[in-house]
Every structure is written in structure tokens, then in C-alpha cells.
Amino acid sequence: MKLITAIVKPFVLEDVKGALEQIGVLGMTVSEVQGYGRQKGHTEVYRGAEYSVDFVPKVRVEVVADDALADKVVDAVVEAARTGKIGDGKVWVAPVETVVRVRTGERGTDAI
Amino acid sequence: MDAFNSGDTAWMLTSTALVLFMTPGLAFFYGGMVRSKSVLNMMMMSLSSMGLVGVLWVLYGYSMAFGNDVGGGLLGSPTEHWGLKGLFVGNYVATDAAPDVSFPLVGSIPALVFVGFQATFAIITVALISGAVADRMKFGAWLLFAGIWATVVYFPVAHWVFSFDGVTAETGGWIANQLKAIDFAGGTAVHINAGVAALALAIVVGKRRGWPREPMRPHNLTLVMLGAGILWFGWFGFNAGSAVGSSGLAAYAMINTIIATCAAMLAWLLVERIRDGKATSLGAASGVVAGLVAITPACSSVSPMGAIAVGAIASALCALAVGLKFRFGYDDSLDVVGVHLVGGLAGTVLIGFFADPGSGAAVAGLFYGGGVDQLWRQVVGALAVLLYSGILTFVIALIVKAIFGGKIRISPEDEATGIDETEHAETSYDFSSHRGLAGTAGTPRPDAATPQAAAHVAAGKES
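Just so you know, the residues in each chain are numbered from 1, in the order the chain's sequence is written. To label them, take the chains in the order written and letter them from A, then take the ligands in the order written and number them from 1. Only residues with pLDDT of at least 70 get local features here, since the model is predicted, and only at 80 or more are side-chain atom pairs given and counted; chain-wide, interface and lining totals rely on the full set of residues. Side-chain calculation: all heavy atoms of the structure are included, whereas hydrogens and water are not.

In the nomenclature of an unreviewed UniProt entry, chain B is known as Ammonium transporter of Pseudonocardia halophobica. UniProt positions are given in the numbering used here, feature names are shortened, and annotations may be inferred rather than shown by experiment. Annotation of chain B in UniProt includes, under Subcellular location (unreviewed entry), the sentence "Cell membrane". Recorded under Sequence similarities (unreviewed entry), the UniProt text for chain B is reproduced unchanged: "Belongs to the ammonia transporter channel (TC 1.A.11.2) family."

By the naming in an unreviewed UniProt entry, chain A is Nitrogen regulatory protein P-II, taken from Pseudonocardia halophobica. UniProt's Subunit (unreviewed entry) comment on chain A is quoted here verbatim: "Homotrimer." Under the UniProt heading Sequence similarities (unreviewed entry), the entry covering chain A gives this text: "Belongs to the P(II) protein family."

Next comes the structure, spelled out in C-alpha cells:
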């Protein structure tokens, strides 16, 4: 099993969610996060005084998937989130030892 | 003395409510500009000014400002109207139809209405200063400062500027009667006065931790714009109410209060567009206030076209002046100096140039063939208030600091935590409950809340 974590622009979230549903992903966790990569932050001006805002708002999407599905998940996210402009985000994949469904106690792939 | 007039009285009752509403408006204007951890303290400095100055006004403030002069036009008698003595006893059933009133009048309105109207001026002038000391001044120190400042600075200066001979007392203040500088609604007594006091207090209190290195962005610009709107609304009472009647002069002040402010908003946005590349919402709100400040002294004495010029010039000057604090290194947090001192000076002095003989005040400025006669009167009036308030505020702030054992501001730790929590034990916005995290916001303490709850706990019913 794999944990796929995607940091994407907030406005692509609906597209990413739709693409993941298309390939059969049944659940995900979404959180509002802040950060920066190559694009850095932006500048704001208040009464003429400039403030550089380093952290820009992003959305983090986390999906746990079977090994066989993991690559398709990554492809789907990348395709849905890409605008071609700087700041599109990152996707990474990490191994997951086990997963437990709280309600039933099922473990492993069955719990996804 | 004029006869009682119900139309005048109706307008002045309304104006009193309008001007009082400016102080909560100011609380929103200021509150939105600070960080979310200090918005309550910011608003409380305005609100507490209503409580404190309102009481002082009745005790002796009105008397110091509008009692008979005790010498040189410098001060009204503090005891003449102590507790509003001599102002409220009478037969109050009089109407226009039965005009034989036997209660005290100021002009054509009951003296009590004039007392209330002027109380709201004293309140907002003190509240204006608070913008300079956002996030860091001990609340007790603020209250002590506010009370002393109102007594030693505002009440006398209001006497100089607002007390005309033969209106509330036989002899009034020197700026109004001897110097004859024009200050219709308080460019000197309110805005220059509060603006320079803000500068002196900010210097004594010192900079916020991390200023100007750390970004301290306004936490809610929608509150700032709401506050600017309320201020503009209330300012019709401030300016048109200063006619002390439902008169043509009030109409003159009203129209100038609209158009000078419109022009000022555009001027501020234009400066920003040229200098910074973007027109901002904070700039629009600031331009509105700068224009209102500038037209305050001038609303009876310039033509409508003159009002556009006064508003635009003053606002552009303010938009440039708000950067001065970074150059000189004083933390006037919300630009009380840049907006109220500079705007007040601009409006007061520009009367010397733009005063129109056809206007309500019927005085000619330099551009209308009047020479420099009115101009020097305006400059002297402005400088007198500037120096008196600046020097005395500095001394008052140092005295308050000494009384608080050198600690006029909260500790660095408390400042980092946030003054709302450490001075008022409150948080302005609770975002935890809707996320199912209510427990993290704290649990009620019935033992400390009420005697009944304490008894309940003592009876062993709840721990």
C-alpha cells in the first residue's frame, strides 16, 4: 500500500477529486496548508509599506491506495492539477505498513 | 439670546447621536488594522474613552471648556458648571407653540443638548490617540493617560477653539475670539491635537516588538472599510452639527463634507496607483478619513470647488506622510500622525488659501484676494495647538510611565502572546468550536463564576 500526498493549487481541488473518483479512489483527506516552493510568496502593500508574504495557500490531498493503483493515482492527480505555471505543486508517494478500518477492525488492503 | 427652536434642537439631538456613533466606528476602523490577537484591546481603547471622558465631561470637562473664561482666553472656569450646575434646572414643557421656556439655552437649543453634543467631541478626540499605541500599552495606563490628557489638554484647547464670546459664557477662548482663526468643527482642537498627542505617546511607549522588521498586516480590512463608512456617516453630525442649528450653514458644511471626502478618496488611490502600482481598499478607507479630517475645519469657509481642492490636496499629503514613521523610526502603529495630524494641519492651513468670501464664514483667503491675513491666523492657531498638545502630552505620558513604575507597556512575553488575552482575558475570534475542538477553547469554571455555582460545587454536586 502507498500513501500518495499531493500539494496542489486550491482551485484545482475539484478537478483532482473528480479525476480520482474516475479511477475508483473511494476516499481522500484534504487540508488547507501554507507553504512555498520555487515560486516563493508574493508582495502586499499597506499604506505604501511593502510586506513579503512567504507562505502561499495550498491544498494537501492525501490518498491511501493499493500498490497496483498508486501510479494511476499519481498520474491522475498530476494531470488534473497541472496548469503549466510555476507553483503547480508536488506529489509524492510513501510506503504504508498497514491500514485499519476503525469501524470493523479490518486490516490491510481490505481497509482501504 | 435666541428663542427656543425645535427644528434646531431636533437636528442637534440627531447630530449628537451621529457623532457618538463615530467612536464605535473608529473602533472598527482601528480594530481591523491590527493583528487578530489585539483587536479587542484596540476597540476597548475607543470604547473606554466613551465611558471615562463622558463622566469627566459632566463632572468638570464641560465647565473647563465652556464656562466663563478665567483669564486670557486660556481656560473656562472648572467650577462654574461643575456637575452641569446651572444647566439643567427649569421648566421643560416648552414648545414652539408655547415658547416661554425657562430652561437654559445655548443659542436656540437647550444647553443640555449642547453639553451632550460637545461631549461626543471630547470622547472621540481621546479615542483617536489610541491608534498610535496598538498592541502594547497597558490598559490601566491607557485609562490614566486618557483621563489626564482630556483634563489637561483637550478641555482647555476646546475652550480656546470652540468657546465663542457670548454663546455659553460671556468670555470664551483666545483662538475663537482674539486670533479669529477659522476652525469650524475641530481641525485644531480635535485632529491636530490628537495627532500630535499620538506622536508624543508613541515615542514614550516605544515600538511594538519586531516593528518594522516583522510584517504586521491588518487582520480584517472589511472591518476597516465598515469603520470608515460609519465615520463618514457620523461626520455629518460632527461638521453640519457644528452649525449648532438646522440652518443654511449646516447645509454648507454638509455638502462640503460629502465632496471633499469623495475627492480625498480618489486622491489617495491615485497616489497609490502611481507609487505602488495598485489601488488598495485600505487606501480608499484612509483617503475617506483623511478627507473628513481636512474638511472638518474648512467646511464652512470654502466653496464646493474649494472643498474638492482641500480634500484632494490633504489626502495626497497624508498618503505620502504615512511613510514618515519608517524614516524617523517611531511606531505610530495606525498612522494617527500621518492622517490626523497631517490632515488636520492641511485642512486648517488651506483655509488661509481657499477661504471664499461667498461661503458661510464670509472670509477671503489668499486665492480669493484676501491676502495673508487669514493665512497667518490659521498658521498661528495650528502651531499653538501643536506645541501645547505635543509638549504636554509628552510630559503626561512620562508621568503615567513613572506612576506605573516605568512599565507603561505590557511585557514582551505578553505582547507576543497577544494583548487581548493578557490584558482582557478574552479572544476576539473563536474558530475552534465548529471544528469539533470546543474542549480546547477551555472548560467553564462554575466555582469561580457565581456564588450560587460555588455553593453548588461546595455541596459536592460537581467538581
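Next comes the rest of the description.
**Details of the nonpolar core**
Counting residues in hydrophobic clusters, the biggest one holds 131 residues, and the most contacted among them are B:F29, B:W57, B:W142, B:F145 and B:Y154. Counting residues per element, this core draws most heavily on helix 4 (residues 139–162) of chain B, which supplies 15 residues. The criterion used for residue contact is that any of the two residues' heavy atoms lie within 4.5 Å. When near neighbours in sequence (up to four residues on either side) are disregarded, B:F145 contacts B:I129, B:M137, B:L201, B:T393, B:I396, B:A397 and B:V400. To form a nonpolar core, buried Ala, Val, Leu, Ile, Met, Phe, Trp, Tyr and Cys residues must be joined to one another through side-chain atoms within 4.5 Å. Per-residue accessibility, obtained with a 1.4 Å probe over protein chains only, is compared with the maximum for each type, and a residue is labelled buried under 20%, exposed over 50%, and partly exposed between these values. By size, the runner-up hydrophobic cluster in this structure holds 19 residues, among which are A:I4, A:A70, A:V77 and A:A81. Numbering of helices and strands runs from the N terminus, with a helix taken as a DSSP run of H or I at least four residues long and a strand as a DSSP run of E at least two residues long.

**Examining the sheet that holds strand 2 (residues 29–35) of chain A**
Residues and elements named next belong to chain A. Whether two strands pair depends on DSSP finding at least two bridges between them. In space, the 4 strands of this open sheet follow the order 2-5-1-6, with antiparallel pairing throughout. Edge strands, defined here as strands with exactly one partner in the open sheet, are strand 2 and strand 6 (89–95). Pairwise comparison of adjacent strand axes, ignoring direction, gives a mean angle of 20° for this sheet. By the bridge criterion, 7 bridges tie strand 1 (residues 2–8) to strand 5 (residues 56–65) in an arrangement that is antiparallel. Pairing of I4 across the sheet is with V63, part of strand 5. Every axis corresponds to a line fitted to the C-alpha atoms, with the helix fit spanning only the stretch in contact, and the corresponding angles, defined between N-to-C directions, vary from 0 to 180 degrees. Contacting strand 1, strand 5 and strand 6, helix 2 (residues 67–81) crosses the sheet at an angle of about 5° to strand 1.

**Quick word on the environment of B:A397**
Residue and element names in this part refer to chain B. Its location among the elements puts A397 in helix 13 (residues 373–403). Between the C-alpha atoms of A397 and I203, which are 194 residues apart in sequence, the distance is 9.3 Å. What A397 contacts, discounting residues up to four positions off in sequence, is F145, L201, V204 and I408.

**Some thoughts on the packing of aromatic side chains**
Residue and element names in this part refer to chain B. In this scheme Phe, Tyr and Trp rings, the latter by its six-membered ring, pair at centre separations within 6.5 Å, and the angle between planes marks the pair as stacked below 30 degrees, edge-to-face above 60, and tilted otherwise. Throughout the structure, instances matching the rule amount to 23 aromatic pairs over all chains. Ring centres of F4 and F103 lie 5.8 Å apart, and the angle between their planes is 80°; this geometry places the pair in the edge-to-face category. Residue F4 is found in the segment before helix 1 (6–33), and its partner F103 is found in the loop between helix 2 (39–66) and strand 1 (105–106); the two are separated by 99 residues along the sequence. Judged by relative accessible area, F4 falls into the buried class, the value being 12%.

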